[in-house]
Amino acid sequence: MAKKIVITIDGWSSCGKSTLAKQLSQKLGYLYVDSGAMYRAITLYFLRNNIDWAEKKEVKEALKSINLEFVFNPKSDSSEMYLNGENVEYVIRDLLIAEKVSDVAAIKEVREFAVAQQQKMGTQKGIVMDGRDIGTVVFPKAELKIFMTADNAIRVQRRFKELYEKNPNITVEEVKDNLEMRDYIDSHREVSPLRKAKDALELDNTNLTEKEQFNKALGWAKEKIG
Ligand code: DC
């Protein structure tokens, strides 16, 4: 049987991390985990329940009431995020969540809560996880670490297209501001800031098609799997 490895994909917002992670997991028959979905679901819970996340005590109490689960949906051929039994996969992609998620993800207790669950999911290997700290904190010993980048303008365009399909009132300016703000907070926070792991391979997809990007990453994975 082929050796199973852990593949981590980190990088800036809207670089196409989840697209690549999904493709790799499908090709290799691995589990795919979108760690950002967990921070988004926690943010949704905090907003719905008026949790003041500046208050450590409130955050700690609230986390006790949060149950996160990924459930595979054969129709969409992907895992979807469930918050306390409710499918929130669609609602967590909203700009309202995107505006707050970086603040929530910067909280130490929130990160400890999410990271512990993420590490559990990787004990059997055969997993592709994308996020911001996966190669540096969650799986520092992963066999293959990919760090994705792309030009800002391209990333804004891609995210705008995605969000516009759901909400035609959205503007390019709003999307651009949100991306820049998230990148700033994610890379400047005290706990587990977004960093390229020393042993990560960089993948700049500004001028790559999805297919070219996939082939490159698959080549790296095959080398590691042996
Ligand atoms: O990948 P995404 O855009 O869905 O992530 C949403 C936010 O969650 C992102 O702005 C930063 C945070 N995040 C994080 O801090 N660590 C991760 N491993 C994944 C996401």
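Scroll up a little and you will see the structure.
Conventions and cut-offs
- Residues numbered from 1 in each chain as written.
- Predicted model: local features only at pLDDT ≥ 70, side-chain atom pairs only at ≥ 80, totals over all residues.
- Heavy atoms only, no water.
- Helix = DSSP H or I, 4+ residues; strand = E, 2+ residues; numbered from the N terminus.
- Buried < 20%, exposed > 50% of the residue type's maximum accessible area, 1.4 Å probe, protein only.
- Contact = heavy atoms within 4.5 Å.
- Lys, Arg positive; Asp, Glu negative; His and termini not counted.
- Charge placed at Lys NZ, Arg CZ, Asp CG, Glu CD.
- Phe/Tyr/Trp six-rings, centres within 6.5 Å; stacked < 30°, edge-to-face > 60°.
- Lys NZ or Arg CZ within 6 Å of the ring centre and 35° of its normal.
- Salt bridge = Lys/Arg side-chain N within 4 Å of Asp/Glu carboxyl O.
- Pairing = 2+ DSSP bridges.
- Axes fitted to C-alpha atoms, helices over the stretch in contact; angles between N-to-C directions.
- Polar contact = N/O pair within 3.5 Å; in protein donor to acceptor, adjacent residues only side chain to side chain.

A. Here's a closer look at the overall build of the protein. Summing up its helical and strand segments, the protein has 9 helices and 8 strands in all. For the protein, the C-alpha atoms occupy an extent of roughly 50 × 40 × 40 Å along the three principal directions. Going through the 226 residues of the protein one by one, you find that 47% of them count as buried. Counted over contacts in the protein with a minimum sequence separation of 6, partners at least 24 positions apart contribute 72%. Put simply, the protein has 36 plus and 35 minus side-chain charges, and the middle of one group is 6 Å from the middle of the other.

B. Region of the structure containing the packing of aromatic side chains. Taken as a whole, this structure holds 2 aromatic pairs when the rule is applied. Seen from their ring centres, Phe-46 and Trp-53 are 6.2 Å apart, and the 25 degrees between their planes marks the pair as stacked. Both rings, one in Phe-160 and one in Tyr-164, keep their centres 5.4 Å apart while their planes meet at 35 degrees; by these two values the pair is tilted. With a gap of 4 residues between them, Phe-160 and Tyr-164 both fall in helix H7 (residues 152-166), about one helical turn apart. The ring of Tyr-90 is capped by Lys-166, whose NZ or CZ atom sits 5.0 Å from the centre of that ring.

C. Up close: the pattern of salt bridges. Applying the stated criterion across every chain yields a total of 14 salt bridges. One network of salt bridges, in which partners are shared, links Asp-34, Glu-89 and Arg-93.

D. Fine view of the sheet that holds strand E5 (residues 86-87). Here 3 strands make up an open sheet; going across it, the order is E3-E4-E5 and the pairing antiparallel. Pairing within the sheet leaves two strands with one partner each, and these edge strands are strand E3 (68-73) and E5. Pairing of E3 with strand E4 (residues 78-83), which is carried by 6 bridges, proceeds in the antiparallel orientation. Within E4, the position partnered with Leu-68 by the bridge is Leu-83. Helix-sheet contacts for helix H2 (residues 35-48) involve E3, E4 and E5, and the interaxial angle to E4 is about 25 degrees.

E. Focus on the environment of Glu-162. Inspection of the secondary structure assignment puts Glu-162 in helix H7. Using a relative accessible area of 43% as the deciding quantity, one classes Glu-162 as partly exposed. Spatially, the C-alpha atoms of Glu-162 and Lys-141 are 33 Å apart, while their sequence positions differ by 21 residues. At 2.9 Å, the side chain of Glu-162 forms a polar contact with the side chain of Arg-159.

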